[in-house]
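Overview (structure and organization)
As a plain string of letters, each chain reads:
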Amino acid sequence: MPTFKTVRGMRDFLPEEAEKMRYVEEAARETAKLYGFEEIITPVLESYELLSAKAGEELRERMYVFEDLGGRKIALRPEFTASIARLVATTLRNYPKPLRLFCVGSLYRYDEPQFGRYREFWQSNYELIGSDKPEADVEILALTNHLVASVGLKHYKFKIGHVGIIRGILSQEGIKEEKQTHIMHLLDKKEWNQTLQTLKEFKASRKCVKTLTQLIKTRGENPAEVVKTIKRHVEGYEAAATALENLNQILCLVEESKIGFDMTVEAGFARGLDYYTGMIFEVFVPEMKIAIGGGGRYDKLIQLFGGEPTPAVGVAHGIDRIALAMEKQKTPLKKPKEKKVLVIPLKEELKTRAIGIASAFRKAGIPTEIEVMGRTVSRALQDADRRNVGYAVLVAPKEMEKGKIILKNLAKREQQVLTVEEAIQSILNVKT
Ligand code: HAM
């Protein structure tokens, strides 16, 4: 037999890595609860047609696509938003709005494997469906800020823009949607010279090329100032001015509600996915060039999938990338000790008693291990501490004579001499 390896771009997660991923996932779940988002589970496989409709040319080319045995063209999901839009267009069509939907799971993209870029990765994804109001956009920004702060990341920064500004200009210039999308892809890849060159090829007016040249350079950390500059540049472009006003409302709400995060507002910012119609954003930490999360408003997708016209805004966070950012910033996991017990017999002849005691804890529903390595108490305790085990039960000769054990609370570094029943009750009574 050959030596088997994981398929290129796929990873095994050993306990420590798995723990980090689950830690971020848990923080994402907490954030969902806090902001009123309910979890749904959608399939990993979807029809290629659904996933590719507005995925954008780059993502479309990177999908894992195959024909199933029934001859259907299927793809592994590269993101959640298309699946959720499908659900809202069909099964959830008549559900009262707004819907706040959360999901978490693995996604697949045939990206070139490199730091923070994997072919299988995990996202926590939130969609707020049914509102076109700026406060809905702000909710998505606020929950992203909450999640990133709650895992302990520092110095992160939001990059914010609005696709309606540039699309508005291009529409007024008579440039059709498909060609606009091509321009947005060039902007997404920061191919600014090529963007301007392509505009000329599309027969855009001189004014348009000049405006885009200025917008590409327009960015800054003071939202009010950037908005003022953009306003000057887009004079005479009505739809672009309306989009800017929408962005301004969102930025003012963020500012006035004192949610408080650092940001750069960029007029020429675009994202690879084609469904965005409004505010877009990404989040970065200074230690990494790649985004730890990104999202935006997409008001036309649900309708495109046959649903009622339904505005929506959402975000996905890269769980792998947040875990990597935590590593880079040496962020400790805030772990409460687990309600778990390690039973250690102090003498060879107390082994049978120890096995019986472990069994009593398990019957009470408390996960319990027994020391099977014959290590000294201090070695066994060190190991338990490292693995976040909350309690140790020492089965000691003197105490056993009185029918008692020593219960050590490893978080508080306290110990009590108790009967087995008392020890069980004391652990069960602790609120986690
Ligand atoms: P996205 O920007 O394609 O947006 O992905 C969101 C996040 O997923 C990225 O910021 C990154 O952290 C993570 N990610 C993407 N590709 C990879 C990869 N190859 N390896 C590791 N992490 C990756 C979306 O997926 C949209 N559906 C977001 C959205 C939701 N927009 C509206 N609602």
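Please read these numbers as outputs of a predicted model, since none were measured by experiment.

With that settled, the discussion passes to the layout of surface pockets. Empty pockets left among the atoms are what a rolling probe the size of a water molecule brings to light. In this structure, the second largest pocket encloses a volume near 860 Å³. Along its surface, the second largest pocket is lined by 27 residues, and Lys-335, Pro-336, Lys-337, Glu-338 and Asn-388 are the ones closest to its centre. Among the secondary structure elements, those contributing two or more residues to the lining of the second largest pocket are helix 1 (15–34), strand 13 (338–345) and strand 15 (389–395). Two domains share the lining of the second largest pocket, each providing at least three of its residues, namely domain 1 (15–329) and domain 2 (341–428).

On to the domain arrangement of the protein chain. When the domains of the protein chain are assigned, the result is domain 1 (15–329) and domain 2 (341–428). Using only C-alpha atoms to locate each centre, domain 1 and domain 2 end up separated by 51 Å.

A separate point is the pairing of strand 9 (residues 262–266). In terms of burial, strand 9 is a largely internal element, 4 of the 5 residues being buried. When strand 7 (residues 157–162) meets strand 9, the two strands line up parallel, connected through 4 bridges. Note on strand 9: the bridge partner recorded for Lys-159 is Thr-264. Pairing of strand 8 (residues 219–220) with strand 9 involves 2 bridges; the strand directions are antiparallel. By the bridge assignment for strand 9, Gly-220 is matched with Val-265.

This part covers the packing of aromatic side chains. Two measures describe an aromatic ring pair: the distance that separates the ring centres and the angle between the ring planes. Counted under the stated rule, the structure contains 9 aromatic pairs. Pairing Phe-13 with Trp-122 gives two aromatic rings, centres 5.4 Å apart and planes at 90°, and the pair type is edge-to-face. Here Trp-122 lies in strand 6 (residues 120–129) and Phe-13 lies in the segment before helix 1, a separation of 109 residues in the sequence. For Phe-13, a relative accessible area of 27% corresponds to the partly exposed category.

Lining the immediate environment of the ligand, one finds 27 residues, of which Glu-79, Thr-81, Asp-111, Tyr-118 and Tyr-276 sit closest. Contact distances for the ligand include 3.4 Å between an oxygen atom and a backbone N or O atom of Ile-292. In the complex, the protein chains occlude 95% of the 660 Å² of accessible area that the ligand would expose alone. Counting only elements with at least two residues in the shell around the ligand, the list comes to strand 6, strand 11 (293–297) and strand 12 (312–318).

Turning to empty space enclosed by the protein, a few remarks are in order. A full pass over the atoms with the stated rule returns 2 cavities of 30 Å³ or more. Put simply, the largest cavity is a space of about 60 Å³. Forming the boundary of the largest cavity are Val-163, Arg-167, Met-184, His-185, Ala-270, Arg-271, Gly-272, Leu-273, Asp-274, Tyr-275 and Tyr-276. Taken together, the elements giving at least two residues each to the lining of the largest cavity come down to helix 6 (163–172) and helix 7 (177–188). For the lining of the largest cavity, the class distribution of residues is 6 nonpolar, 2 polar and 3 charged. In this structure, the second largest cavity encloses a volume near 40 Å³. Surrounding the second largest cavity, Glu-57, Glu-58, His-185, Asp-188, Lys-189 and Gly-272 form its lining. Among the elements of the structure, helix 3 (57–61) and helix 7 are those that each provide at least two residues to the lining of the second largest cavity. For the lining of the second largest cavity, a count of residues per class yields no nonpolar, 2 polar and 4 charged.

Turning our attention to the side chain of Arg-167. Mapped onto the secondary structure, Arg-167 falls in helix 6. Buried and unpaired, Arg-167 has Glu-177 as its nearest opposite-charge partner, separated by 4.8 Å. In contact with Arg-167, not counting residues within four places along its chain, are Glu-177, Gln-180, Thr-181, Met-184, Asp-274 and Tyr-276.

For the rest of this paragraph, the subject is helix 1. Taking 1.5 Å of rise per residue, 20 residues should cover 28 Å, and helix 1 covers 28 Å from first to last C-alpha, within 8% of that figure. Among the residues of helix 1, those classed as buried are Met-21, Tyr-23, Val-24, Glu-25, Ala-27, Ala-28, Thr-31 and Ala-32. For helix 1, the secondary structure elements touched by its buried residues are strand 5 (99–108), strand 6, helix 5 (134–150) and helix 13 (319–328). Phi turns positive, to about 80°, at Gly-36, one or two residues after helix 1.

Before going further, it helps to spend a moment on the packing of helix 10 (residues 223–233) against helix 11 (residues 238–256). Packing of helix 10 against helix 11 leaves a shortest axis separation of 10 Å and a crossing angle of 170°. The angle between helix 10 and helix 11 places the two elements in the roughly antiparallel class. Judged by residue contacts, Pro-223, Val-227, Ile-230 and Lys-231 of helix 10 engage Leu-244, Asn-248, Leu-251 and Glu-255 from helix 11.

Rules behind the numbers
Residues numbered from 1 in each chain as written. Predicted model: local features only at pLDDT ≥ 70, side-chain atom pairs only at ≥ 80, totals over all residues. Heavy atoms only, no water. 1 Å grid on protein atoms, 1.4 Å probe; cavity = no way out; pocket = protein on both sides within 12 Å on 5 of 7 lines; lining within 4 Å. Points joined across faces, edges and corners; volume = space filled by probe spheres on them. Helix = DSSP H or I, 4+ residues; strand = E, 2+ residues; numbered from the N terminus. Domains from an automatic or database assignment. Buried < 20%, exposed > 50% of the residue type's maximum accessible area, 1.4 Å probe, protein only. Pairing = 2+ DSSP bridges. Phe/Tyr/Trp six-rings, centres within 6.5 Å; stacked < 30°, edge-to-face > 60°. Near = heavy atom within 4 Å. Polar contact = N/O pair within 3.5 Å; in protein donor to acceptor, adjacent residues only side chain to side chain. Areas by Shrake-Rupley, 256 points an atom, 1.4 Å probe, with all protein chains shown as cover. Nonpolar A, V, L, I, M, F, W, Y, C, P; charged D, E, K, R; others polar. Lys, Arg positive; Asp, Glu negative; His and termini not counted. Salt bridge = Lys/Arg side-chain N within 4 Å of Asp/Glu carboxyl O. Contact = heavy atoms within 4.5 Å. Expected span 1.5 Å × (residues − 1). Axes fitted to C-alpha atoms, helices over the stretch in contact; angles between N-to-C directions. Parallel < 35°, antiparallel > 145°, perpendicular 65-115°, else oblique.

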